[in-house]
Amino acid sequence: MKTANHRYPGESKFKGWLYLLPAFLIYFFFTFIPILETFRSSFYDWNGFSAERTFIGIQNYVDLFSDPLFLKAISNNLVFIIFYSIIPILIGLFLSAILTGTDLPGFSFFRTVFFLPQVISMVVVGVLWRWMFNPVSGPINQVLSLVGLDSWRQAWLGSFEFALPAVGSIGSWVQYGFCMVLFLAGIQRIPTEQYEAAELDGANALNRFIYITVPGLRAEIGVAMITTMISALRVFDLIYATTKGGPGETTLVTGFLIYRSAILNNRIGYGATIATVLTVIILLLSFLIRRFMGNSEEAST
Amino acid sequence: MNPRWKKLIPRYIILIIFMLIVLLPIWGMLNSAFKSDSQIVSSPFGLPESWTFENFQKAWTVGKFNVFFKNSVIVTTAVVVSSVFLSILSGYAFGQLPMPAKGILFAIMLIGYMVPFEAVIIPLYNWMNAIGLRNTYWALILPQVGLSVSFGTLWMSSFFETAPKELIDAATIDGCDRWQILWQILFPLAQPSVTTLIVLIFMWTWNEFLLSLVMVQTEAMRTLPVGLAFFQGKYTSDLSLMAAGAIIVALPTVIIYIIFQRYFIKGMLGGAIKG
């Protein structure tokens with residue numbers, strides 16, 4: 001929005017509105033107003049169909065922060081950040097570190113494969129990994145038996161101990177290729193002279209990585225963090241397709257709790273409160289990361 | 001050995017290991033769809049002993065994937081075509097045209113790009129319920145157009161802002177009006193941006209789950225991802241049938257991805273996440 005676009009002689013200054021109007025109207029009624037309505041609903045107690053809705057001020061918010069289910073869901077989302085964000089970024093950095101400075105023939109093929117999980121529906125990913133984790137016939141347990149680790153076999157997704165890390169690692173599987181491709185694209189922008197100079201000064205590969213590659217990738221790391229952390233906070237499809245929050249509440253996440261409260265249990269106000277809190281967390285987080293990491297738009301080319 | 005290869009081979013090995021981690025589960029599922037259940041268990045990653053298309057047939061007809069597929073095609077086509085068209089117009093407005101309150105309007109659009117679907121789903125559910133639009137295509141199309149034009153407007157306006165001024169001026173002198181400049185001069189230049197936008201909105205809409213889950217009650221209106229989720233609940237133990245269903249859902253996105261991967265990767269790397 002940097003330029004004030006000039007008008008032609010005789011042109012209405014409202015001309016832009018004409019072009020904006022159709023998109024804006026649909027957006028306004030089906031996205032913008034619902035956002036405000038969600039916020040407003042969070043101050044009411046309402047079951048969704050009765051005529052009366054009771055204004056209860058911030059009671060929903062008070063209840064929320066003493067609700068063990070919500071606290072459980074939020075802490076699970078934090079665990080998901082480790083799996084969706086931190087582990088993939090570390091794997092991505094590791095892979096791009098070993099590939100820095102080499103021209104790999106056939107790399108575009110690898111890139112295609114690494115990005116593949118990004119385009120597949122998360123329900124399909126869920127179906128796929130339910131098969132992988134199947135306690136009886138799943139390949140993971142079969143491989144464990146094959147290498148003599150029978151005692152390690154688990155009912156992965158049905159286990160109180162392992163369900164959360166098992167679902168989380170599906171997230172790592174989806175995200176690490178994306179992080180790697182992102183970082184490798186960023187490395188192209190770092191001038192090779194920097195590496196050559198550092199090598200002459202006797203810096204080893206690890207030092208070159210820490211002092212040249214990582215700072216050079218600030219913008220890309222920022223994009224990766226925003227993208228993957230938001231996925232971790234919003235995770236819903238994958239949970240629905242694998243564990244539905246179970247066993248017990250071990251894999252319950254905020255997105256699933258919104259669905260359960262508002263849609264399944266008709267607690268509209270309470271569900272809206274959770275949705276509001278989740279939205280605020282996501283907005284704050286992307287704002288903070290953008291601030292710390294600099295302008296992420298730079299990474300786009 | 002050539003010193004260059006000596007350097008490359010260890011890197012290839014690490015790369016291949018991480019690639020296999022991505023590929024093996026997909027490969028396994030792909031094969032499973034053509035196998036009998038007993039063979040899936042005995043050799044999960046091996047090729048089928050005898051190829052059968054029975055699972056696809058069964059998923060397509062008995063599992064109603066033909067219906068889900070039709071619904072997904074209708075919803076996705078409607079959302080992609082209208083969102084992309086409207087985003088070109090609104091992006092042009094922000095990038096090139098005079099208009100009062102531009103800053104505020106832009107900020108309002110930006111909010112939609114940043115908030116998650118969860119922020120809008122509850123009121124949409126109530127309203128669609130109240131006016132009887134649940135179980136209709138409208139309930140699936142309109143909210144997704146709303147969210148998509150929010151991203152699309154930002155995406156297209158950043159293209160139009162940088163459009164070559166000399167070309168526009170030259171066309172103005174030749175007597176083109178704003179509408180002609182958009183479609184005759186700028187639209188051909190916008191092909192890469194528009195293609196990326198089409199591919200991104202296609203992927204998001206095809207894979208969208210929460211909205212369809214909430215808005216649709218009847219089996220006849222389900223889209224593919226929701227259909228697959230319910231299918232999974234019904235046929236949990238039939239591995240090869242599940243695999244066939246999953247492939248029907250994933251195949252269109254994988255094909256589009258392979259054809260347009262340059263555009264898709266560019267969009268994703270630009271931080272294009274659906275909020």
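Everything numeric in this text was worked out from a predicted model, so none of it was measured.

Cut-off values and rules
- Residues numbered from 1 in each chain as written.
- Chains lettered and ligands numbered in written order.
- Predicted model: local features only at pLDDT ≥ 70, side-chain atom pairs only at ≥ 80, totals over all residues.
- Helix = DSSP H or I, 4+ residues; strand = E, 2+ residues; numbered from the N terminus.
- Buried ≥ 20, exposed ≤ 12 C-beta atoms within 10 Å, placed from the backbone.
- Contact = placed C-beta atoms within 7 Å.
- Expected span 1.5 Å × (residues − 1).
- Nonpolar A, V, L, I, M, F, W, Y, C, P; charged D, E, K, R; others polar.
- Core = buried A, V, L, I, M, F, W, Y, C linked by C-beta atoms within 7 Å.
- Domains from an automatic or database assignment.
- pLDDT = per-residue confidence, 0-100.
- Axes fitted to C-alpha atoms, helices over the stretch in contact; angles between N-to-C directions.
- Left-handed = near helix turned anticlockwise from the far one by under 90°.

Colleague: Quick one: what's the story with the overall build of chain A, residue by residue and with numbers?
Modeller: Secondary structure assignment for chain A yields 13 helices and two strands. Counting only C-alpha atoms, chain A reaches 75 × 75 × 30 Å along its principal axes. A buried classification covers 45% of the 301 residues belonging to chain A. Contacts in chain A between residues far apart in sequence, at least 24 positions, make up 72% of those at least 6 positions apart.

Colleague: Residue-level account of the overall build of chain B, with values.
Modeller: Across its full length, chain B holds 13 helices and zero strands. Of the regular secondary structure in chain B, the N- to C-terminal order runs α-α-α-α-α-α-α-α-α-α-α-α-α. Along the first, second and third principal axes, the C-alpha set of chain B runs to 70 × 70 × 30 Å. Taken across its 275 residues, chain B has 50% of its residues classed as buried. Considering only contacts in chain B between residues 6 or more positions apart, those separated by 24 or more positions represent 78%.

Colleague: A description of helix 6 (residues 118-130) of chain B should follow, citing residues and the corresponding values.
Modeller: Residue and element names in this part refer to chain B. Taking 1.5 Å of rise per residue, the 13 residues of helix 6 would be expected to cover 18 Å, and the 19 Å separating its terminal C-alpha atoms lies within 8% of that figure. Looking only at helix 6, the buried set comprises E118, A119, V120, I121, I122, P123, L124, Y125 and M128. Of the residues one or two after helix 6, G132 is the one with positive phi, at around 70°.

Colleague: For the environment of L124 of chain B, give the residues involved together with the corresponding values.
Modeller: With respect to the element layout, L124 of chain B can be found in helix 6. In this structure L124 of chain B comes out as buried when scored by C-beta crowding, with 25 C-beta atoms within 10 Å. Excluding anything up to four places from it in sequence, L124 of chain B contacts P34 of chain A together with P143 of chain B.

Colleague: I'd love a proper account of the interface of chain A and chain B, names of residues and values included.
Modeller: On the chain B side, the residues contacting the 85 residues of chain A number 82 residues. With 18 residues, the top contributor of residues to the side of chain A that touches chain B is helix 1 (residues 15-41) of chain A. Each residue belonging to the side of chain A that touches chain B can be placed in one class, and the counts come to 57 nonpolar, 21 polar and seven charged.

Colleague: So what's going on with the nonpolar core? Residues and values would help.
Modeller: One finds V124 of chain A together with A246 of chain B to be the most contacted residues of the largest nonpolar core, which totals 170 residues. The greatest single-element share of this core, amounting to 16 residues, is contributed by helix 13 (residues 239-269) of chain B. Residues from two domains meet in this core; each of domain 1 (3-32) and domain 2 (63-269) of chain B gives at least three. Sequence-distant contacts of V124 of chain A, defined by excluding residues within four places in its chain, comprise L228, A246, V249 and A250 of chain B.

Colleague: Which residues make up the domain arrangement of chain B, and what are the values?
Modeller: Per the domain assignment, the segments making up chain B are domain 1 (3-32) and domain 2 (63-269). The distance between the C-alpha centroids of domain 1 of chain B and domain 2 of chain B comes to 33 Å.

Colleague: Describe the confidence of the model for chain B, and please don't skip the residues or the numbers.
Modeller: Residue and element names in this part refer to chain B. Scored by pLDDT, chain B has a mean of 89; 97% of the residues are at 70 or more. For chain B, per-element mean pLDDT is lowest for helix 2 (residues 37-42), which scores 74, and highest for helix 4 (residues 65-96), which scores 96. As scored by the predictor, the complex reaches a pTM of 0.91 and an ipTM of 0.91.

Colleague: I'd like to hear about the confidence of the model for chain A, residue by residue, with values.
Modeller: Detailed reading of predicted coordinates is not advised where the pLDDT is low. In this model, chain A carries an average pLDDT of 87, and 94% of its residues clear a pLDDT of 70 or more. Here residues 296-301 of chain A is modelled with pLDDT under 50, and outside its nearest four sequence neighbours on either side it reaches 15 contacts, counting other chains as well.

Colleague: Please set out the environment of T243 of chain A residue by residue, giving values where relevant.
Modeller: Residue and element names in this part refer to chain A. Here T243 shows up in the loop between helix 11 (237-242) and helix 12 (254-264). Expressed as a C-alpha distance, the spacing of T243 and A163, which sit 80 residues apart in the sequence, is 7.9 Å. Ignoring anything within four residues of it in the chain, the contact list for T243 reads L157, A163, V167 and T251.

Colleague: Describe unusual backbone geometry, naming the residues involved and giving the relevant values.
Modeller: Glycine aside, residues mostly have negative phi, and peptide bonds are mostly found in the trans state. Following G246 of chain A, the chain continues into P247 of chain A via a peptide bond in cis, with omega recorded as -5°. Along the chain, the position of P247 of chain A falls in the loop between helix 11 and helix 12. Phi is positive for K244 of chain A, close to 50°, though the residue is something other than glycine. Positive phi values are uncommon outside glycine, yet N135 of chain B reaches one of about 65°. On the secondary structure map, N135 of chain B appears in the loop between helix 6 and helix 7 (137-161).

Colleague: Can you explain the packing of helix 4 (residues 107-115) of chain A against helix 1 (residues 3-32) of chain B? Please cite residues and give values.
Modeller: The interhelical angle for the contact between helix 4 of chain A and helix 1 of chain B, taken along N-to-C directions, is 35°, at an axis separation of 9 Å. The two elements helix 4 of chain A and helix 1 of chain B meet at a crossing, and its hand is left-handed. In this structure, helix 4 of chain A uses F110, V113 and F114 of chain A to contact helix 1 of chain B, whose residues at the interface are L15, M19, V22 and L23 of chain B. Each residue belonging to the contact of helix 4 of chain A with helix 1 of chain B can be placed in one class, and the counts come to seven nonpolar, no polar and no charged.

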